[in-house]
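The residues making up each chain are set out below.
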Amino acid sequence: MSGTACANSAYTMSGGLRPNGSRTSDHHQKQKQSCCFQMPLHYPRYKKSDYEIMPEWKLDCLLTQYGLPISGDVSQKRKFAMGAFLWPSQLE
């Protein structure tokens, strides 16, 4: 798995082989290697009060981890994160 950021070994086996031994085409393999986003296993467990004091760098990391946009100022990022990760009953 050297030279690639993907964690899925099916995309990074050398010689165009999948773990089951079947061959992949070079084009198909290169296309799959460019994909590196994997949904995290756990949903964030932050409270509204946590988001309100969370530093911008931590918001950026959290949003990036879930493949969400990180544009705007820190207040916009906080609002977006709260809207994305908090249940409606937690917003009150």
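Computed from a predicted model, the values in this text were never measured in an experiment.

Draft legend 1. Fine view of helix α3 (residues 56-65). L59, L62 and L63 are the residues of α3 that are buried. Looking straight down α3, one finds its buried side chains confined to an arc of 95°; they lie on one side. Next to the buried residues of α3 lie α2 (48-53) and α4 (74-85).

Draft legend 2. A look at the packing of aromatic side chains. Counted under the stated rule, the structure contains three aromatic pairs. Residues Y46 and Y51 carry aromatic rings whose centres are separated by 5.6 Å and whose planes lie at 70° to one another, so their mutual orientation is edge-to-face. Ring pairs connect the aromatic residues Y43, Y66 and F85, which therefore count as one cluster.

Draft legend 3. Spotlight on the environment of A81. Tracing the backbone shows A81 in helix α4. On the basis of relative accessibility, which here comes to 0%, the residue A81 falls in the buried class. For A81, the contacting residues outside a window of four places in its chain are Y51, L59, L63 and L86.

Draft legend 4. How the structure looks around the side chain of K77. Tracing the backbone through its elements, the reader meets K77 in helix α4. When near neighbours in sequence (up to four residues on either side) are disregarded, K77 contacts E56, L59, D60, L63, I70, S71 and G72.

Draft legend 5. Spatial organisation of the environment of W87. Mapping W87 onto the fold places it in the segment after α4. Put simply, W87 and K47 are 40 residues apart on the chain and 10.0 Å apart in space, counted from C-alpha to C-alpha.

Draft legend 6. Looking closely at the nonpolar core. Core analysis: the biggest nonpolar cluster contains 10 residues, these being Y51, M54, L59, L62, L63, Y66, A81, M82, F85 and L86. Elements with a contribution of two residues or more to this core: α3 and α4.

Draft legend 7. Layout of the pattern of salt bridges. Evaluated as defined, the whole model comprises two salt bridges. Here K77 and D60 are joined by a salt bridge, their closest N and O atoms 2.7 Å apart. Of this pair, K77 sits in helix α4 while D60 sits in helix α3, and the two are 17 residues apart along the sequence. In this structure, a network of salt bridges that share partners links the residues E56, D60 and K77.

Draft legend 8. A look at α4. Here α4 contains 12 residues, and its C-alpha end-to-end distance of 16 Å stays within 8% of the 16 Å for a straight helix at 1.5 Å per residue. Looking at α4, one finds that the buried residues are K77, R78, A81, M82 and F85. One face of α4 carries all of its buried residues, which in axial projection span an arc of 130°. For α4, the exposed residues lying more than 90 degrees away from the buried face are K79 and G83. Looking at the buried side of α4, the elements it contacts are α2 and α3.

Rules behind the numbers
Residues numbered from 1 in each chain as written. Predicted model: local features only at pLDDT ≥ 70, side-chain atom pairs only at ≥ 80, totals over all residues. Heavy atoms only, no water. Buried < 20%, exposed > 50% of the residue type's maximum accessible area, 1.4 Å probe, protein only. Helix = DSSP H or I, 4+ residues; strand = E, 2+ residues; numbered from the N terminus. Arc of directions from axis to C-beta. Contact = heavy atoms within 4.5 Å. Phe/Tyr/Trp six-rings, centres within 6.5 Å; stacked < 30°, edge-to-face > 60°. Core = buried A, V, L, I, M, F, W, Y, C linked by side-chain atoms within 4.5 Å. Salt bridge = Lys/Arg side-chain N within 4 Å of Asp/Glu carboxyl O. Expected span 1.5 Å × (residues − 1).

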